[in-house]
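# Secondary and tertiary structure notes
The lines below spell out each chain.
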Amino acid sequence: FHLLRCYIDSNQYNKARDLIAEIRDLESKKGFNTIDLSVKIFGNLYVQELALLHAEGEFQKSLELIPAIEKGQLAFEGKLSKEMEILLSYNIAYSYFGVGDYKKALQYLNEVLNDNEQNLRQDVYSFARLFNLVIHFELENHEFLEYIIKSTNRYLNKHERDYQIEFVFIKYLRKLSKIHNGIQRTELYEGLNSELMLLLEDHNERVVLEYFNVEAWVQSKLKKISFEASVRA
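This report concerns the structure included in the present document. (Residues numbered from 1 in each chain as written. Predicted model: local features only at pLDDT ≥ 70, side-chain atom pairs only at ≥ 80, totals over all residues. Heavy atoms only, no water.)

### Some details on the overall build of the protein
Assigned secondary structure in the protein consists of 13 helices and zero strands. Relative to a compact globule of 233 residues, whose C-alpha radius of gyration would be 17 Å, the protein shows 18 Å and is just as compact. Structurally, the protein occupies a C-alpha span of about 60 × 35 × 30 Å along its principal axes. Burial statistics for the protein: of 233 residues in total, 49% are counted as buried. When contacts within the protein are restricted to residue pairs at least 6 apart in sequence, those whose partners lie at least 24 apart make up 63%. Surface accessibility of the protein: about 12,300 Å² in total, with carbon and sulfur atoms responsible for 48%. (Helix = DSSP H or I, 4+ residues; strand = E, 2+ residues; numbered from the N terminus. Rg over C-alpha atoms; globule rule 2.2 N^0.38 Å. Buried < 20%, exposed > 50% of the residue type's maximum accessible area, 1.4 Å probe, protein only. Contact = heavy atoms within 4.5 Å. Areas by Shrake-Rupley, 256 points an atom, 1.4 Å probe, with all protein chains shown as cover.)

Now the structure itself:
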């Protein structure tokens, strides 16, 4: 699974697909058909397969996996770790976001945000708060967005987050939510894009791309194309 993640992160998608097939084939082999291993294969495989499709911009294909994922979650109820449940919910939310179904994306993301064990995967929970802002922005919930921006800033300050990209992104989202003039919005997107490009030169700042492709999102606004098309580009 670590090797699979390396293939995805280095854009070696064909190798990643081959490895997914190899791992999936293990389920039918002797020694790999115990409950514990079946649960590990199920959870990790779907999280990584969704990550692969998201990286390729194949969000529609990722949606096709959701029925099998939810069937597996029922079959392994009580056996999947809380961490795995959180990762699956986050990635399903991202799949719906990718095709523009923001209400469904919010529904699944709320499962992450409302979880009681937020310290379990602080990275996921923290970036989920950023992703939450984008979804509400897309839903044009501007008044509520102002409230949750304040809440998110308090959270980031309290937890001493080291990622400048979070603060820059939130700063521009607040401005964008208050402006409806097309030309002024474009100028803000251009400003955000310039700052993001500088920050993303830092390897540590690029970790955000594992959770939400901010670069593709801004480009989609500047080029007036879908987020899915922007990720593919």
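### Quick look at unusual backbone geometry
Of note in the backbone geometry, Glu140 takes a positive phi value of approximately 60 degrees without being a glycine. Relative to the helices and strands, Glu140 is located in the loop between helix 8 (122-138) and helix 9 (142-158). On the basis of relative accessible area, Glu140 is assigned to the exposed category, the value being 58%. Within the chain, Lys224 stands out as a residue other than glycine whose phi angle is a positive 55 degrees. Take Lys224: it is sitting in the loop between helix 12 (214-223) and helix 13 (227-232).

### Details of helix 10 (residues 164-178)
Counted at 1.5 Å a residue, the expected span for helix 10 with its 15 residues is 21 Å, and the 22 Å between its end C-alpha atoms agrees. When helix 10 is considered as a whole, its buried residues turn out to be Ile165, Glu166, Val168, Phe169, Ile170, Tyr172, Leu173, Leu176 and Ser177. (Expected span 1.5 Å × (residues − 1).)

### Looking at the environment of Ser81
One can find Ser81 in the loop between helix 5 (66-75) and helix 6 (82-98). In this structure the C-alpha to C-alpha distance between Ser81 and Gly43, which are 38 residues apart in sequence, comes to 8.9 Å.

These results come straight from atomic positions and should not be treated as a statement about function.
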